[in-house]
Amino acid sequence: MAADPKHGQGTHRPELSVAKNLFFGEIVEENLFPYPELRAKDREVLGMMVESIDDFLKPREKAFREYDTNAHQPDEYVQALRDMGLFGLIIPEEHGGLGLSNGGYARVLAQTSSHDSSTSLTIGAHSSIGMKGVLLFGTDAQKAQYLPRLASGELIAAFCLTESGSGSDAASIRTKAVKNPDGSWTLSGEKIWITNGGIAGLFTVFAKTEGADGKMSAFIVEAGWPGVSHGPHEDKMGIRASSTTTVAFSDVRVPAENLLGEEGKGFKVAMSILNNGRTGLGGGAVGGMKQLIALSTAQAKDRKQFGRPIADFGLVREKIAQMTVDCFAAEAAVWMVAHYIDSGMDDYSVEAAMSKVFASDAIQRAAHEALQIAAGNGFMKEYPYERQTRDSRILSIFEGTNEILRLYVALSGLKDVGTQLGGLKHAVSDIFSDPIKGFGVLSGYASRRLSQRTGFGTDKIISQLSPTLRKAAEVYEKSVVELANASDAVLKKYGKGIADQQYALKRLGDVGIDLFVGLCALSRAASLETSDKKNGAQASRLAWLFAKQARRRIVRNLRQLEKNDDATMDEVAGFMLEEGRYPWDVI
Ligand SMILES: Cc1cc2nc3c(=O)[nH]c(=O)nc-3n(C[C@H](O)[C@H](O)[C@H](O)COP(=O)(O)OP(=O)(O)OC[C@H]3O[C@@H](n4cnc5c(N)ncnc54)[C@H](O)[C@@H]3O)c2cc1C
């Protein structure tokens with residue numbers, strides 16, 4: 001679905017993934033510029049919603065501390081969330097929801113997260129993953145049956161994939177569903193660490209439907225059915241008030257009509273839900289960072305040491321500036337991905353993974369630094385810093401660990417790019433089957449593209465950028481060609497064995513993430529330069545700062561593909577794994 005990019009609605013080339021093309025030395029600028037705007041309808045709903053969320057959540061700071069200590073959200077509080085319509089955010093209006101876009105939804109989660117992460121998780125696990133399967137894959141009958149009750153929050157939803165033996169390796173689940181002669185299924189197994197497990201009325205459950213090594217299918221399961229139960233509330237490090245429990249299925253009869261999506265396509269259902277839901281997590285991270293920035297600037301101005309506000313000191317200012325650059329870049333990437341989803345882009349999975357990795361790492365850095373600015377106060381439970389530090393820690397663990405997602409980014413970038421450019425498909429697949437024959441395809445293509453151009457992408461875009469942003473654009477244009485060259489060299493060196501070269505993949509993934517996030521920040525700054533007369537120039541400064549920092553990381557990552565300590569690191573890890581303990585002691 002291509003819409004007019006001038007209006008920031010729809011992507012111009014929905015068939016092209018920006019992220020995957022970076023590995024080919026190509027910046028798909030049509031899908032980056034102009035920076036997308038929220039739909040007018042979303043703005044209208046959000047205007048009212050953001051205010052009522054603040055009115056409702058702001059006075060509850062003390063209560064959130066209690067919920068955190070007691071590791072429980074009281075029933076009346078969950079009811080109040082229902083009453084505010086927070087469980088129906090992305091459900092279409094015809095089914096009783098608010099019908100927000102992904103961008104609008106992420107904005108709501110940013111607002112709730114600026115007050116309390118556990119609240120965001122209760123709402124977010126319901127919408128982002130718990131009931132998203134019904135929206136994406138549900139039949140009309142399933143939608144009609146469940147969406148109205150999900151929208152009102154009468155049914156809160158949870159997503160049941162993880163098991164004790166199956167975390168990152170989601171395909172290895174043991175929960176099974178056996179088909180009965182009447183077409184119904186008998187479901188048995190146990191899921192662990194299920195968000196909303198203790199309060200959910202509906203579960204999206206993944207089970208093997210063809211033996212232990214067979215395919216997976218997805219099911220809609222009601223909590224009230226015989227054989228469904230949940231364990232006690234887990235005692236967690238962070239997001240303590242949000243419900244996390246085991247969920248057990250003991251010979252549960254699931255009607256045939258509650259199969260979700262096609263039989264045997266459950267893995268695809270799970271991955272589609274997770275990809276589609278990542279902007280909720282990203283929006284939450286951005287909201288948390290905004291809260292930390294506000295707290296830190298206030299603290300830096302109020303707190304005096306050595307006769308001056310600590311805001312005068314370079315080492316405090318550096319932290320505030322870095323939080324701001326990170327927040328600006330994360331926000332730009334998260335809303336760009338939300339727009340890709342909303343505009344019907346064919347494949348946004350790599351961009352979604354990139355935005356999740358960047359935003360989740362960024363909020364953890366911000367929480368660490370904000371606590372450091374508040375120092376002793378930051379360490380006290382009376383202030384929100386320590387809770388935010390604990391709460392944000394989960395973000396690089398769930399919905400795909402950041403390690404797995406970095407590998408996914410790099411491998412998808414290297415492998416799938418051939419499918420993006422039809423004519424070169426065979427040549428690129430040669431890289432994997434015959435590295436020598438395939439060598440040169442990426443770098444040859446990238447340099448040809450470069451020599452055909454006079455500047456960043458088409459002349460039109462570069463000529464419209466301000467001098468500051470033009471400099472940033474040049475950084476990305478140079479770096480993207482280097483990424484293509486490096487990808488070529490790595491593929492030549494390792495061929496198919498690249499899948500096992502995790503040190504190299506992490507570096508390539510990180511280069512891709514810096515490029516994508518940086519380009520989103522560049523695009524957002526370009527829009528703000530014209531739309532925000534007051535702060536637009538500051539936004540460009542942030543985009544330029546990000547570009548310079550990204551360039552230093554990119555140079556380091558690319559250099560380390562050649563010159564590194566990987567072998568020694570591996571040997572040290574091998575020695576320690578053998579030893580099992582730190583063997584040196586001073587006595
Ligand atoms: C609070 C909380 C809420 C959760 N909510 C839900 C939920 O609602 N629904 C649900 O289904 N699940 C949920 N989960 C589970 C979560 O998604 C998993 O914890 C996550 O997928 C990681 O699995 P794991 O913890 O078993 O780690 P493992 O997969 O055992 O990984 C351990 C470490 O090894 C690394 N690793 C693993 N494989 C590789 C590899 N191939 N290469 C490199 N590194 C690797 C990982 O990155 C990680 O650092 C939740 C977890 C928590 C803690």
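Residues numbered from 1 in each chain as written. Predicted model: local features only at pLDDT ≥ 70, side-chain atom pairs only at ≥ 80, totals over all residues. Heavy atoms only, no water.

### Notes on the overall build of the chain
Using the following cut-off: By definition, any uninterrupted DSSP run of H or I lasting at least four residues is a helix, any uninterrupted run of E lasting at least two residues is a strand, and each is numbered from the N terminus. Think of it in three bands: with a 1.4 Å probe and only protein chains considered, a residue is buried below 20% of the maximum accessible area for its type, exposed above 50%, and partly exposed in between. Contacts are assigned to residue pairs that have any heavy atoms within 4.5 Å of one another.
Helix and strand counts for the chain stand at 21 helices and 10 strands. Residues counted as buried form 57% of the 587 residues belonging to the chain. Long-range contacts, defined as pairs at least 24 residues apart, comprise 75% of the intrachain contacts of the chain with a sequence gap of at least 6.

### Re the pairing of strand E7 (residues 244-254)
Worth spelling out the cut-off: Strands were regarded as paired on the criterion that DSSP finds at least two bridges between them.
Alignment of strand E3 (residues 185-195) against E7, held across 8 bridges, turns out to be antiparallel. The residue bridging tryptophan 185 from the neighbouring strand is valine 254, located in E7. As paired elements, strand E6 (residues 228-230) and E7 share 3 bridges and run antiparallel to each other. Among the inter-strand pairings, serine 229 is bridged to a residue of E7, identified as alanine 248.

### Some thoughts on the site of the ligand
Filter applied, for reference: Being near a molecule or strand, for a residue, means having at least one of its heavy atoms within 4 Å of it. In protein, a polar contact requires one atom able to donate a hydrogen and another able to accept it; more generally it is a pair of N or O atoms within 3.5 Å, and residues adjacent in sequence count only if both atoms are side-chain atoms. Note on areas: Shrake-Rupley with a 1.4 Å probe; residue coverage comes only from the protein chains shown. Each residue is assigned to one of three groups, with Ala, Val, Leu, Ile, Met, Phe, Trp, Tyr, Cys and Pro labelled nonpolar, Asp, Glu, Lys and Arg labelled charged, and all others, Gly among them, labelled polar. Where each domain begins and ends is defined by an automated method or by a domain database.
The full set close to the ligand counts 19 residues, and Phe159, Thr162, Ser168, Thr401 and Glu403 are the nearest of them. Tryptophan 193 has a polar backbone atom sitting 2.8 Å from a nitrogen atom of the ligand. Within the side chain of glutamate 403, an N or O atom sits 2.8 Å from an oxygen atom of the ligand. When the ligand sits alone it has 980 Å² of accessible area, and the protein chains cover 67% of it. Elements supplying a minimum of two residues to the shell around the ligand: E3 and helix H13 (402-420). Along the lines of polarity and charge, the residues of the shell around the ligand split into 10 nonpolar, 6 polar and 3 charged. When residues of the shell around the ligand are sorted by domain, at least three fall in each of domain 2 (157-267) and domain 3 (273-403).

### Section: the pattern of salt bridges
When the charged atoms of two side chains lie near each other, side chains of opposite charge can form a pair. Convention followed: The salt bridge criterion pairs a side-chain nitrogen of Lys or Arg with a carboxyl oxygen of Asp or Glu, the two atoms within 4 Å.
A full pass over the atoms with the stated rule returns 29 salt bridges. The salt bridge involving lysine 41 is made with glutamate 93; its shortest N-O contact spans 3.6 Å. Taken together, the residues lysine 41 in helix H2 (residues 40-57) and glutamate 93 in the loop between helix H4 (75-83) and helix H5 (102-113) connect sequence positions 52 residues apart. Arginine 308 is the partner of aspartate 312 in a salt bridge, and the nearest nitrogen-oxygen pair spans 3.4 Å. A relative accessible area of 37% means that aspartate 312 is categorised as partly exposed.

### Regarding the packing of aromatic side chains
Applied cut-off: Aromatic contacts are taken between Phe, Tyr and Trp rings whose centres are within 6.5 Å, Trp giving its six-membered ring; a plane angle under 30 degrees counts as stacked, one over 60 as edge-to-face, and the others as tilted.
Within this structure, the stated rule accounts for 12 aromatic pairs. Centre to centre, the rings of phenylalanine 56 and tyrosine 77 are 5.9 Å apart; their planes meet at 5 degrees, and the pair counts as stacked. Placement of phenylalanine 56 in helix H2 and of tyrosine 77 in helix H4 is noted, with a sequence separation of 21 residues between them. Each member of the pair, phenylalanine 56 together with tyrosine 77, is buried. On the basis of an interplanar angle of 75 degrees and a centroid distance of 5.1 Å, the ring pair of tyrosine 582 and tryptophan 584 is categorised as edge-to-face.

### Quick look at the confidence of the model for the chain
Selection criterion: Looking at any residue, its pLDDT shows the predictor's confidence there, from 0 to 100.
The pLDDT averaged across the chain works out to 92; a share of 90% of its residues lies at or above 70. Segment residues 1-10 is flagged for pLDDT under 50; beyond a separation of four residues in sequence, or across chains, it makes 28 contacts in the model.

### Re the pairing of strand E2 (residues 176-179)
Pairing between E2 and E3: 4 bridges, direction antiparallel. Looking at the pairing, lysine 179 lines up with tryptophan 185 of E3. Between E2 and E3, which pair antiparallel and follow one another directly, the connecting turn spans 5 residues, one of which, glycine 183, has a positive phi of 95 degrees.

### What to know about helix H11 (residues 349-379)
Rules: Here, expected helix span is obtained from the residue count minus one, scaled by 1.5 Å.
For H11, with 31 residues, the first-to-last C-alpha span of 38 Å runs short of the 45 Å given by 1.5 Å per residue. Burial analysis of H11 places 23 of its 31 residues in the buried class, the great majority of the element.

### Focus on the packing of H5 against helix H6 (residues 117-130)
To be explicit about the condition: For every element, the axis is a line fit to its C-alpha atoms; helices are fit only across the contacting stretch, and the angle between N-to-C directions ranges from 0 to 180 degrees. For classification purposes, angles smaller than 35 degrees are called roughly parallel, those larger than 145 roughly antiparallel, those between 65 and 115 roughly perpendicular, and all remaining angles oblique. Less than a right angle of anticlockwise turn of the near helix away from the far helix marks a crossing as left-handed, whereas a clockwise turn marks it as right-handed.
Between H5 and H6, the least distance of the axes is 9 Å, while the angle of their chain directions is 160 degrees. Classified by the angle their axes make, H5 and H6 are roughly antiparallel. Every pair of crossing elements has a handedness; the one defined by H5 and H6 is left-handed. Across the interface between the two elements, Tyr105, Leu109, Thr112 and Ser113 of H5 pack against Ser120, Ile123, Gly124, Ser127 and Ser128 of H6. Its residues assigned to classes, the contact of H5 with H6 comprises 3 nonpolar, 6 polar and no charged.

### Some words on the nonpolar core
Stated formally: Here the nonpolar core consists of buried residues drawn from Ala, Val, Leu, Ile, Met, Phe, Trp, Tyr and Cys, with membership extended through side-chain atoms lying within 4.5 Å.
In this structure, Leu22, Leu32, Tyr476, Leu508 and Phe516 are the most contacted members of the largest nonpolar core, which totals 103 residues. A per-element tally of this core places helix H10 (residues 314-342) first, with 16 residues. Excluding residues within four positions of it along the chain, tyrosine 476 makes contact with Ile27, Asp514, Leu515, Gly518, Leu519, Leu522, Ala543, Phe546 and Ala547. Residues Phe87, Tyr146, Leu150 and Trp185 belong to the second largest nonpolar core, which totals 68 residues.

### A word on a nonpolar patch on the surface
As a reminder of what qualifies: Here the term patch refers to residues with relative accessible area over 30% and no salt bridge, with like charges joined within 9 Å and nonpolar side chains (Val, Leu, Ile, Met, Phe, Trp, Tyr) within 5 Å.
Taken together, the side chains of Phe575, Tyr582 and Trp584 present a nonpolar region at the surface, about 390 Å² in accessible area. Locating tyrosine 582 in the fold gives a position in the segment after helix H21 (566-579).

### As for the packing of helix H9 (residues 266-302) against H11
At their nearest, the axes of H9 and H11 sit 8 Å apart, and the two run at 20 degrees to each other. The angle between the axes of H9 and H11 places the two elements in the roughly parallel class. Relative to H11, the crossing made by H9 is left-handed. Classifying every residue of the contact of H9 with H11 gives 14 nonpolar, 8 polar and 2 charged.

### Some remarks on unusual backbone geometry
The step from phenylalanine 33 to proline 34 runs through a cis peptide bond, and the omega angle for that step is -10 degrees. Along the chain, proline 34 turns up in the loop between helix H1 (18-22) and H2. If you check the backbone angles, phenylalanine 306 has positive phi at about 55 degrees while not being a glycine. Among the secondary structure elements, phenylalanine 306 is positioned in the loop between strand E9 (304-305) and strand E10 (308-309). Even without being glycine, alanine 375 reaches a positive phi, approximately 50 degrees.

### Observations regarding the side chain of threonine 246
Structurally, threonine 246 can be placed in strand E7. Its relative accessible area of 17% is what places threonine 246 among the buried residues. Excluding residues that lie within four positions of it along the chain, threonine 246 makes contacts with Glu190, Lys191, Ile192, Ser229, His230, Gly231 and Glu234.

### Comments concerning the environment of aspartate 361
You can see aspartate 361 is positioned in helix H11. The spacing of aspartate 361 and serine 396 is 35 residues in sequence and 6.7 Å in space, taken between C-alpha atoms. Filtering out sequence-adjacent residues up to four positions away, aspartate 361 remains in contact with Ser396, Asn402 and Arg406. A polar contact of 3.0 Å, which involves the side chain of aspartate 361, links it to the side chain of asparagine 402.

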